[in-house]
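# Understanding the architecture of this molecule
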Amino acid sequence: MSEKVIAIEGGYKLNGTVRISGAKNATVALIPAAVLADEPVDIYGVPEISDVEALATLLRELDCDVKIEGEDIRIDPSHMKEIPLVSEAVNKLRASYYFMGVLLGKYKKVKIRMPGGCYLGPRPIDLHLKGFKALGATIEYVDDCYIIEAEELIGNSIYLDFASVGATINIMFAAVKAKGKTIIENAAKEPEIIDVANLLVKMGAKIRGVGTDTITIEGVEELHGTFHEIIPDRIEAGTFLIIAAAAGEKVIIQNIIPQHLEALISKLKEMGVKMEVVGDSIIVYGSEEPLQNIKVKTQIYPGLATDLQQPLTTLMTQAEGISQVQETIYIERFKHCEQLNKMGAHIEVGEAKSTIFGATPLHGARVMATDLRCGAALVVAGLIAKGKTEITNIYHIDRGYDNIDHKLITLGAHVTRYEIDD
Ligand code: EPU
C-alpha cells in the first residue's frame, strides 16, 4: 500500500503575500443551508477543500444541481427529493450533520447516517437532538442512522447547556421554516454562525440576535434564491499568522477580518511577535529575539479558538521557558503533541492540558496528521525543523486548507507531495 505525504524541507525563511480563502466552517454550513430554498443559491468565495466535494456529493444524492466554478458554487434545489443520506460521503465530514436540520426543516423528516469528522475526543450531538425534539420532532437511532421526523415543527424556547456552534446552526436550520417563534438561549456567537444567518436572512428567513446569547427565529413558509459571499477563514488566517511568526521574515496575510483574531493576536504579541494590522491585511515581521513563553486557555468565541491551539503549540515549542495550554472545548485535543515530540519537542500532556518545555530545536521526521489542525501544527513544525519532515494522513489537511502547498511555496517554502510505501 502506498500513500501520499506532504514533505517539507525546513529552515527556509518565508517572504511575500498570502491570500486567505473563504471560511471552511462557514462553508460547510452554508452549502447545506442552500437546500432550504426553493430556487438556486449562489455562494462565492468557496475554498477548494475536500469537505466541499463531499458536501457536493451529498447534494447530488438529494438530486440537487450543483455547479462549482473556481470559488463559486451554484446550488439549485428546485428539483430535489427527500432521499435518505446513508452513503459513505456522510462519514467523510462532521458537518454532514447540518443536513439533519435543513432536511427536517424542509421535509419534516430526515434519515441520515452518523456523521464522521476528526476525532477530537467524544463529540456528542445531544444538544442538536434536544433542539429538534423541542421543536416537536421524534428521534430514532436504527442501524447507525438517525431518523428524525415531525408532523409539524412548532417554535419553542431552547436553552443550550453549552454554546455549541453545530447545535446553534442546526436548530436555526430546523426553526426557519417552523411554525411560530423559536428562541435559542446560550447560543454560540462564532463569526461563522453570523455568516450562516446572513445567508438565511437573504433567503427570506426572519432571524434576530445572531452574535448575542439569544437568537430569535420567526418561522416563514418559503425561502427563496439569493447570493452570498463567504467570510474569510479566521482559522486559516490564524494558522498563517503562526507560520509567519515561526518562519517568516516579512509575510503579508491578506483577506483577514482582524477582529475575528483578537485573542490569537494578543497571545502572539505577548510572545513577542511583531505584527501590524493594515486594513484587511496583517503583516508579520520575523525577529531574531527569542519568543516568550505564554499560557493559553481555549474558549468559545471571542476567546482563543480551540482550532488554533494545535498550531500555536508548535510555536510555543520555540519559546523560552514553560508554556501551557488548557483545553476547555475538546479536552482530548492533544494528539499533535506526541507527533511534535517525535520532532524534538518536549511536551507533556495532562488532563485537558499540555505543558510545553521550550525552547527546543525541531528536526525532521515522519509524522502523522491525526486530525486537521494536528496537520497544521505539523506543517508549522516542518517549516522550522532541521531537515525533511514527511507528514502522512494528509487527507485531514486537504479537508480544511485550500491549496496549502501552493500558498507555502509562493512564500518560499520547500514543499512537495509524493507517494511513499507504508
Ligand atoms: N457538544 C456537546 N453536545 C452537542 C454538541 C457539542 O456536548 O450536542 C460539546 C462538544 O463535545 C464540545 C463542545 O460542545 O466539547 C463544542 O462543540 P461545538 O458543537 O461547538 O463544535 P462543532 O460544531 O462540532 C465546530 C467546528 C470545529 C470547532 C468547534 C469549536 C465545524 C464543522 N466544526 O465544531 O472545527 O473546533 O466548532 O469551535 O464548524 C476544525 O475546524 O478543525 C474543527 C474541528
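Refer to the preceding data block for the structure.
An account of the accompanying structure is given in this report. In this text, all values refer to a predicted model and were calculated from it rather than measured experimentally.

### Details of empty space enclosed by the protein
- Using the criterion set out here, one finds one cavity of 30 Å³ or more in the structure.
- Lining of the largest cavity is provided by Arg-234, Ile-235, His-260, Leu-261, Glu-262, Ala-263, Leu-264, Tyr-301, Gly-303, Leu-304, Ala-305 and Leu-308.
- Mapped onto the lining of the largest cavity, the elements with two or more residues apiece are helix 8 (234-247) and helix 9 (262-271).
- Ranked by residue count, the leading element in the lining of the largest cavity is helix 9, at three residues.
- Taken together, the residues of the lining of the largest cavity break down into eight nonpolar, two polar and two charged.

### Overview of the site of the ligand
- Around the ligand sit 24 residues in total, of which Leu-127, Ser-164, Asp-307, Ile-329 and Arg-373 are the nearest.
- One of the side-chain N or O atoms of Lys-24 is found 3.2 Å from an oxygen atom in the ligand.
- Here the ligand loses 89% of its free accessible area of 820 Å² to cover by the protein chains.
- Assessed atom by atom at 2 Å from the grid points, the ligand resides in the largest pocket.
- When residues of the shell around the ligand are traced back to their parent elements, those giving at least two are helix 1 (24-34), helix 5 (126-134), helix 6 (165-175), helix 10 (306-316) and helix 12 (372-384).
- When its residues are assigned to classes, the shell around the ligand shows 12 nonpolar, five polar and seven charged.

### Describing the environment of Ala-263
- With respect to the helices, strands and loops of the structure, Ala-263 is situated in helix 9.
- Separated by 36 residues in sequence, Ala-263 and Gln-299 have C-alpha atoms that sit 9.8 Å apart.
- Not counting the four nearest positions on each side in its chain, Ala-263 is found in contact with Pro-302, Gly-303 and Leu-304.

### Quick look at the packing of aromatic side chains
- Tallied over the full model, the rule gives four aromatic pairs.
- Arranged with centres 4.9 Å apart and planes meeting at 85°, the rings of Tyr-97 and Tyr-98 form a pair that is edge-to-face. Accessibility assignment for this pair places Tyr-97 and Tyr-98 in one class, buried.
- Here the aromatic rings of Tyr-98 and Phe-173 are separated by 5.8 Å at their centres, their planes lie at 85°, and the arrangement is edge-to-face. Of this pair, Tyr-98 sits in helix 4 (residues 98-107) while Phe-173 sits in helix 6, and the two are 75 residues apart along the sequence.
- With a relative accessible area of 3%, Tyr-98 lands in the buried category.
- Grouped by ring-pair contacts, the aromatic residues Tyr-97, Tyr-98 and Phe-173 constitute a single cluster.

### Concerning the sheet that holds strand 24 (residues 414-421)
- Pairing within the open sheet is mixed, and its four strands lie in the order 22-23-1-24. The open sheet has two free edges, formed respectively by strand 22 (366-368) and strand 24, since each of these has just one partner strand. Strand-to-strand twist of the sheet, defined as the mean angle between neighbouring strand axes without regard to direction, takes the value 30°.
- As paired strands, strand 22 and strand 23 (residues 388-392) are joined by three bridges and run parallel to one another. By the bridge assignment, Met-368 is partnered in strand 23 with Thr-392.

### Things to note about the pattern of salt bridges
- Within this structure, the stated rule accounts for 15 salt bridges.
- Across the salt bridge formed by Asp-405 and Arg-417, the nearest N and O atoms sit 2.5 Å from each other. Of this pair, Asp-405 sits in helix 14 (residues 404-410) while Arg-417 is found in strand 24, placing the two residues 12 residues apart along the sequence.
- For Asp-405, a relative accessible area of 13% translates into the label buried.
- Residue Arg-417 is classed as partly exposed on the basis of its relative accessible area, which comes to 30%.

What counts and what doesn't
- Residues numbered from 1 in each chain as written.
- Predicted model: local features only at pLDDT ≥ 70, side-chain atom pairs only at ≥ 80, totals over all residues.
- Heavy atoms only, no water.
- 1 Å grid on protein atoms, 1.4 Å probe; cavity = no way out; pocket = protein on both sides within 12 Å on 5 of 7 lines; lining within 4 Å.
- Points joined across faces, edges and corners; volume = space filled by probe spheres on them.
- Helix = DSSP H or I, 4+ residues; strand = E, 2+ residues; numbered from the N terminus.
- Nonpolar A, V, L, I, M, F, W, Y, C, P; charged D, E, K, R; others polar.
- Near = heavy atom within 4 Å.
- Polar contact = N/O pair within 3.5 Å; in protein donor to acceptor, adjacent residues only side chain to side chain.
- Areas by Shrake-Rupley, 256 points an atom, 1.4 Å probe, with all protein chains shown as cover.
- Sits in = over half its atoms within 2 Å of the grid points.
- Contact = heavy atoms within 4.5 Å.
- Phe/Tyr/Trp six-rings, centres within 6.5 Å; stacked < 30°, edge-to-face > 60°.
- Buried < 20%, exposed > 50% of the residue type's maximum accessible area, 1.4 Å probe, protein only.
- Pairing = 2+ DSSP bridges.
- Axes fitted to C-alpha atoms, helices over the stretch in contact; angles between N-to-C directions.
- Salt bridge = Lys/Arg side-chain N within 4 Å of Asp/Glu carboxyl O.

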